[in-house]
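Read off the chains here:
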Amino acid sequence: MTGHESSLADLPARFLPASDQSLLVSFGERIDPSASLRVRRLIRLLELNPIRGVVNLHPAYCSVLIRFDALVTEHGELEALLRPQVENLDAVSLPEPREVEIPVCYGGEFGADLADVAGLHEMTPAQVIALHSAAVYTVDFLGFAPGFGYLSGLPGELATPRLPVPRRSVPAGSVGIAGNQTGVYPFATAGGWRLIGRTPVAMFRSDRQPMSLLSIGDRVRFHPISPEEFTR
Amino acid sequence: MIRVETPGLLTTVQDLGRMGFGPVGVSPSGAADAVALRVGNRLVGNPEEAAALEMTLAGGTFVFPEGALAVLAGSDFGAAMNDAEVGPWKPFHLPPGARLRTGHTRSGARCYLCVRGGVEVKSFLGSASTHVLSGLGGFEGRALRKGDVLRIGNRVENEPRPKGAVADILLPRKTIRVTDAPQSEWFSEESRSIFFSSGYRVTEEANRMGLRLEGPAIPTPPGGQMVTEGVPLGAVQVPAGGQPIILFVEQQTTGGYPKIANVITADMSSVGQLRPRDEIRFERVDQSTARAILREQEEAIRAIH
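No experiment lies behind these values; they were computed from the predicted model shown. (Residues numbered from 1 in each chain as written. Chains lettered and ligands numbered in written order. Predicted model: local features only at pLDDT ≥ 70, side-chain atom pairs only at ≥ 80, totals over all residues.)

### Observations regarding the overall build of chain A
From N to C terminus, chain A includes 6 helices and 13 strands. On C-alpha atoms alone, chain A measures out to a radius of gyration of 19 Å, which is about the 17 Å that the 2.2 N^0.38 rule sets for 232 residues. Counting only C-alpha atoms and orienting by the principal axes, one finds that chain A spans roughly 55 × 35 × 35 Å. In chain A, buried positions account for 46% of the 232 residues. Look at the contacts in chain A between residues 6 or more apart in sequence, and 62% of them connect residues 24 or more apart. (Helix = DSSP H or I, 4+ residues; strand = E, 2+ residues; numbered from the N terminus. Rg over C-alpha atoms; globule rule 2.2 N^0.38 Å. Buried ≥ 20, exposed ≤ 12 C-beta atoms within 10 Å, placed from the backbone. Contact = placed C-beta atoms within 7 Å.)

### Notes on the sheet that holds strand S1 (residues 14-19) of chain A
Residue and element names in this part refer to chain A. Strand order in the open sheet formed by 4 strands is S1-S2-S4-S3, and the pairing between neighbours is antiparallel. Single-partner strands in this sheet number two, and they are S1 and strand S3 (54-59). Taken pair by pair, the neighbouring strands of this sheet meet at an average axis angle of 25°, ignoring direction. Where S1 and strand S2 (residues 22-26) come together, 5 bridges link them in antiparallel fashion. Residue pairing across strands places arginine 14 opposite serine 26, the latter belonging to S2. (Pairing = 2+ DSSP bridges. Axes fitted to C-alpha atoms, helices over the stretch in contact; angles between N-to-C directions.)

### Focus: the environment of A:Pro200
Residues and elements named next belong to chain A. In this structure, proline 200 sits in the loop between strand S12 (194-198) and strand S13 (219-224). Under the C-beta neighbour-count criterion, proline 200 is labelled partly exposed, with 16 such atoms within 10 Å. Expressed as a C-alpha distance, the spacing of proline 200 and isoleucine 225, which sit 25 residues apart in the sequence, is 10.0 Å. The contact partners of proline 200, leaving out residues within four places of it in the chain, are Pro103, Gly173 and Phe230.

### Thoughts on the interface of chain A and chain B
On the chain B side, the residues contacting the 50 residues of chain A number 40 residues. Contributions of two or more residues to the side of chain A that touches chain B are made by S1, S2, S3 and strand S4 (63-68) of chain A. The biggest single contributor to the side of chain A that touches chain B is S3(A), with 5 residues. Classifying every residue of the side of chain A that touches chain B gives 31 nonpolar, 13 polar and 6 charged. (Nonpolar A, V, L, I, M, F, W, Y, C, P; charged D, E, K, R; others polar.)

### Looking at the domain arrangement of chain A
How big an interface is tends to be expressed through the accessible area that disappears when the partners come together. Residues and elements named next belong to chain A. According to the domain assignment, chain A consists of domain 1 (3-91) and domain 2 (99-231). Listing elements by their share of the side of domain 1 that touches domain 2, those giving two or more residues are helix H2 (33-48) and S3. Looking at the side of domain 1 that touches domain 2, the element that brings in the most residues is H2, giving 3 residues. (Domains from an automatic or database assignment.)

### Remarks on the pairing of strand S6 (residues 137-142) of chain A
All names here are of chain A. Counting buried positions over the 6 residues of S6 gives 5, a clear majority of the element. As paired elements, S6 and S13 share 2 bridges and run antiparallel to each other. When the bridges of S13 are listed, tyrosine 137 appears paired with valine 220. Direction of pairing for S6 relative to strand S7 (residues 149-152): antiparallel, over a ladder of 4 bridges.

### Comments concerning the sheet that holds strand S3 (residues 52-56) of chain B
Residues and elements named next belong to chain B. Strand order in this open sheet of 5 strands is S2-S3-S10-S5-S8, and the pairing throughout is antiparallel. Since the sheet does not close on itself, it has two edges, and those belong to strand S2 (12-14) and strand S8 (92-94), each with one partner. Pairwise comparison of adjacent strand axes, ignoring direction, gives a mean angle of 35° for this sheet. Where helix H1 (residues 34-43) meets the sheet, its contacts fall on S2, S3, strand S5 (68-74) and strand S10 (110-115), and the angle it forms with S5 comes to roughly 150°.

### Concerning the confidence of the model for chain B
Here chain B shows a mean pLDDT of 95. Residues at 70 or above account for 99%. Here the predicted complex scores 0.90 on pTM and 0.95 on ipTM. (pLDDT = per-residue confidence, 0-100.)

### Brief notes about the pairing of S5(B)
Residue and element names in this part refer to chain B. When you tally the buried positions in S5, you get 7 out of 7 residues, the bulk of the element. Pairing geometry for S5 and S8, over 3 bridges, is antiparallel. What sits directly across from alanine 70, in S8, is phenylalanine 92. The sheet contact formed by S5 and S10 spans 5 bridges and is antiparallel. Bridge pairing in S10 links leucine 72 to leucine 113.

Dropping the structure here:
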């Protein structure tokens, strides 16, 4: 995945006002490695070269939401400053990815939706587990909640829509699927992903450096563990 | 110092939040009614961003062994100091050993106790704000409990302004103004007309992360699965059930539900004063109007001196 390859099919970036204090820079409407690379590069660039008035960045699969101080700048001014930079993202270099292993106890009380996910795809729960734990995922970005990594690389056979109504509370450590994404909930929060398992590992701790187990660009694998190993 | 005799329903240390940690998924947190916090701090001569106690729906009882100069900002929680009633927006002196008792709200959801010098806690990622959901920042990363003792700092900027008048435009409103969101046009004319012509009631599931509303269901766009993207403060998401959710100060940083609108910055403080069962309406404004309203609000805050 070099800058040279990724630039060939790149769509022009779009700039959309998302609120009166934020601008969405969009690199397309679908999850693909080239858009994700541009997101990581734009984040890196803005971290190294901050723009006056920009106060926060929300990376996602194929877009970056830029929050600004609306008393300091506005959409048009920001877009004019960003446009030349966004056109030169290939020049931004990124650090090497790390490899992270996450133990998961699949199914039962740990993954309340495993049977439904298996049923929707006419598979057995064991087949879902085998597919989910065989893949190597990439952390495209962290979002939603502190330390929540959005992982791409889910086998197509496991792609499943979100729940129509999100759960009021999802247990911390839950491993879920939504569309062709997978990820782990670091905290007990509301959430609409289909839960297939749970990890005993802390995804985010404020007394640890780095606080988040995952960082953008990491390579991730899941390995199945038993309920006994989970509670150990 | 401040000793907590009773904590109230949900009392946390808040300032104006921690910006810049979106890339690790940490939202800014900060005061739910930032206007009330800023005005309260100005009234006691603090820098606007000094930390204070944010009380929710029902407040606590606090003892001040060494005394303090304080103000209650935001909603009226029926407070009394040593049994003498104290209303919002009026700085008052607490003699050593004084007890400040607050009760159930008589108006909106939140009241701030600002003390001259600010509440002092260990800063986490540059802010004193408690992020309740993830147990970060503030006082031990959590809501206050009986017996907690907090230090009063020395973050003083000006003389107190005991006669500062609070302009009407700084008080909370029930018609919430919104701009378009990135998916506004995904919604049909009919959906948008339902959204803008109906009243929506705040449900019991309203907290610092977000407020679930209930009212006439908004039909969601056909094929409505979208790719997760960064979501702004005040985004109005519409999940498949058609009941809107406003994302608030401890918001998720990204989300995958289409957004029909976004609350303007100036009206976020009004959202912070909404209680369960309050009914609100939405009014659409354009970006330049939203900026003008924000500037007007800013001038009204700075006029308190």
